[in-house]
Amino acid sequence: MRSLIERLHREHTLAPDEFRILLSQCNDKDLSYINALAREVSHASFGNRIFIRGLIEVGNRCKNDCYYCGIRRSNHLIERYHLDEETILACCRHGYELGFRTFVLQGGEMNDDEMIIRTVSSIRKEFPDVAITLSLGEKETSVYERFFQAGANRYLLRHETHNELHYRKLHPETMSLSNRLRCLADLKRIGFQTGTGIMVGSPYQTIDNLIEDILYIENLQPEMIGIGPFLPHHDTPFAMMPSGSLNQTLLLLSIFRLMHPHALIPSTTALATLSPEGREKGILAGANVVMPNLSPVIQRSKYSLYDNKASLGAEAAEGLLLLEQRLKVIGYVIDKGRGDYNAY
Ligand code: 5AD
């Protein structure tokens, strides 16, 4: 196992069968070892600095019906909301004051493209020095182009799984893996710093699925990689499914860090929700980004992708001081730069 991990460190890849061994036979000691190597790699790229992104959840209306997600269309038990342009701008002003230089506009999939384009243009005009990241799901090529022209720099769209059969177990027939992959290819080509990723331990996921995901991400070379555990939401078809495991998530974070030394990899809210020290453990496994919540506090609980989603304390933009203290304990500091992808 050691020699496999060391080779992954040196060569940034392994054969599929070797990934299978790593993913199925990694014990606690091996995990500590790969986490430590990944941490060193992260340190070589970023030092002890953690980038912060202000996450603005712009709305929970969604036309899709993904079986895992709490804001799926069929969930009639949540209150729907959306933020208007002025409210989003107010979140940015607040965030800018706090020191954020990246804003992430994330929301359910809906046809609000014109509002988003206007809002992105306004943010770009008022804050020429910030990075604008969008995470709004699948769109037509021309819409992505217009987002980019309006001044957006980055786009997050997890592929969720690269396996057709697994994809079908997570999504209804109205969605398709091929369209999702088309979107990711578009985003890259248009010039977005592009993020993709998966939920670890999503229902029916196999080790072979994970290997496919690893190889797809290796091929795509995204600038950002988002990895968090699956967590059930009580009003979805997957309510009774078990959460993804902490150790499997930490292992995958380290694998991606060893394969992608310069990628921007967040220690996700889902990881912080799964385990009290999840955020710190993610960083110590090679993550280098955290995304505190900048949404209006009264709306936060409605953006319930999964149960008990953390949005307060160190997960909140107004809790930056607390985040700072917690990072200090493990030897890290917040970097308030834009934190663009930089291959050198
Ligand atoms: N558990 C964990 N992550 C989830 N997401 C959606 N639902 C869940 C869940 N139940 C993730 C998806 C999506 C991102 C915005 O949130 O991977 O891409």
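Note on numbering: residues in each chain are counted from 1, in written sequence order. Totals for whole chains, interfaces and linings use every residue, but because this is a predicted model, local features are given only for residues with pLDDT of at least 70 and side-chain atom pairs only at 80 or more, for both listing and counting.

### Some thoughts on the environment of Asp 65
Then, number 1: Within the element layout of this structure, Asp 65 appears in the loop between strand 2 (54-59) and helix 4 (85-98).
Then, number 2: Between the C-alpha atoms of Asp 65 and Asn 75, which are ten residues apart in sequence, the distance is 8.6 Å.
Then, number 3: Setting aside anything within four residues of it in sequence, one finds Asp 65 in contact with Arg 72, Arg 73, Ser 74 and Pro 172. For the purposes of this entry, the term helix denotes a DSSP run of H or I that reaches at least four residues, the term strand denotes a run of E that reaches at least two, and both are numbered from the N terminus. Contacts are defined on C-beta atoms placed from the backbone: any two residues whose C-beta positions lie within 7 Å are in contact.

### Section: the site of the ligand
Then, number 1: Any residue whose C-beta atom, as set from the backbone, lies within 6 Å of a molecule or strand is reported as near that molecule or strand. Taken together, Tyr 68, Cys 69, Arg 158, Glu 160, Met 199, Gly 228, Phe 230, Leu 231, His 233, Ala 270, Leu 305 and Tyr 306 are the residues near the ligand.
Then, number 2: For the shell around the ligand, the class distribution of residues is eight nonpolar, two polar and two charged. Only Asp, Glu, Lys and Arg are considered charged, only Ala, Val, Leu, Ile, Met, Phe, Trp, Tyr, Cys and Pro nonpolar, and every remaining residue, Gly among them, polar.

### With respect to the packing of helix 4 against helix 5 (residues 113-126)
Then, number 1: Contact geometry for helix 4 and helix 5: axes closest at 10 Å, N-to-C directions at 35°. For the pair helix 4 and helix 5, the crossing hand works out as right-handed. Across the interface between the two elements, Glu 85, Ile 88, Leu 89 and Cys 92 of helix 4 pack against Met 115, Arg 118, Thr 119, Ser 122, Ile 123 and Glu 126 of helix 5.
Then, number 2: Looking at the contact of helix 4 with helix 5 residue by residue, the classes come out as five nonpolar, two polar and three charged. The axes are straight lines fitted to the C-alpha atoms, using for helices just the contacting stretch, and the angles between their N-to-C directions are given from 0 to 180°. The crossing is said to be left-handed when, going from far helix to near helix, the turn is anticlockwise and less than a right angle, and right-handed when the turn is clockwise.

### Re the nonpolar core
Then, number 1: By convention the nonpolar core is taken to be a set of buried residues drawn from Ala, Val, Leu, Ile, Met, Phe, Trp, Tyr and Cys and joined through C-beta atoms within 7 Å. Here a residue counts as buried when 20 or more other C-beta atoms sit within 10 Å of its C-beta, as exposed when there are 12 or fewer, and as partly exposed otherwise, the C-beta atoms being derived from the backbone. Counting 90 residues, the largest nonpolar core has Ile 56, Phe 103, Leu 253 and Phe 256 as its most contacted members.
Then, number 2: Sorting elements by how many residues they give to this core places helix 10 (residues 246-259) first, with eight residues.
Then, number 3: If near-sequence neighbours (up to four positions away) are discounted, Ile 56 is found in contact with Ile 88, Cys 91, Phe 103, Val 104, Leu 105, Leu 294 and Ser 295.

### Description of the sheet that holds strand 1 (residues 49-52)
Then, number 1: A pair of strands is labelled paired if DSSP reports no fewer than 2 bridges between them. Spatial ordering of the open sheet is given by 8-1-9, a layout of three strands whose pairing is parallel. Only two strands of the sheet have a single partner each, and these edge strands are strand 8 (289-290) and strand 9 (333-335).
Then, number 2: Two strands pair when backbone bridges link them, and strand 1 and strand 8 are joined in this way by two bridges, in the parallel orientation. Opposite Phe 51, over in strand 8, you have Val 289 as the bridge partner.
Then, number 3: Lying on the sheet, helix 14 (residues 320-329) is in contact with strand 1, strand 8 and strand 9; it crosses strand 9 at an angle near 125°.

### Looking at the packing of helix 2 (residues 16-25) against helix 9 (residues 207-220)
Then, number 1: Put simply, helix 2 and helix 9 touch, their axes get as near as 10 Å, and they point 125° apart. One way to sum up the angle between helix 2 and helix 9 is to call them oblique. Crossing geometry of helix 2 relative to helix 9 is assigned as right-handed. Of the residues in helix 9, those in contact with Pro 16, Phe 19, Arg 20, Leu 23 and Ser 24 of helix 2 are Ile 207, Leu 210, Ile 211 and Ile 214.
Then, number 2: Of the residues in the contact of helix 2 with helix 9, the class split is seven nonpolar, one polar and one charged. Here the angle decides the label: under 35 degrees means roughly parallel, over 145 means roughly antiparallel, 65 to 115 means roughly perpendicular, and every other value means oblique.

### Observations regarding the sheet that holds strand 3 (residues 102-107)
Then, number 1: The six strands lie next to each other as 2-3-4-5-6-7, forming an open sheet whose pairing is parallel. Among the strands making up the open sheet, the edge pair consists of strand 2 and strand 7 (224-229). Looking at each pair of strands side by side, their axes are set apart by 20° on average, direction ignored.
Then, number 2: When strand 4 (residues 131-135) meets strand 5 (residues 154-156), the two strands line up parallel, connected through two bridges. Bridge pairing in strand 5 places Thr 133 opposite Arg 154.

### Here we look at the UniProt feature "binding site: [4Fe-4S] cluster" (unreviewed entry) in the protein
Then, number 1: As recorded in UniProt, the feature "binding site: [4Fe-4S] cluster" (unreviewed entry) lies at Cys 62, Cys 66 and Cys 69.
Then, number 2: Mapped onto the secondary structure, Cys 66 falls in the loop between strand 2 and helix 4.
Then, number 3: Excluding residues that lie within four positions of it along the chain, Cys 66 makes contacts with Arg 72, Leu 170 and His 171.
Then, number 4: By the secondary structure assignment, Cys 69 is in the loop between strand 2 and helix 4. UniProt positions are given in the numbering used here, feature names are shortened, and annotations may be inferred rather than shown by experiment.

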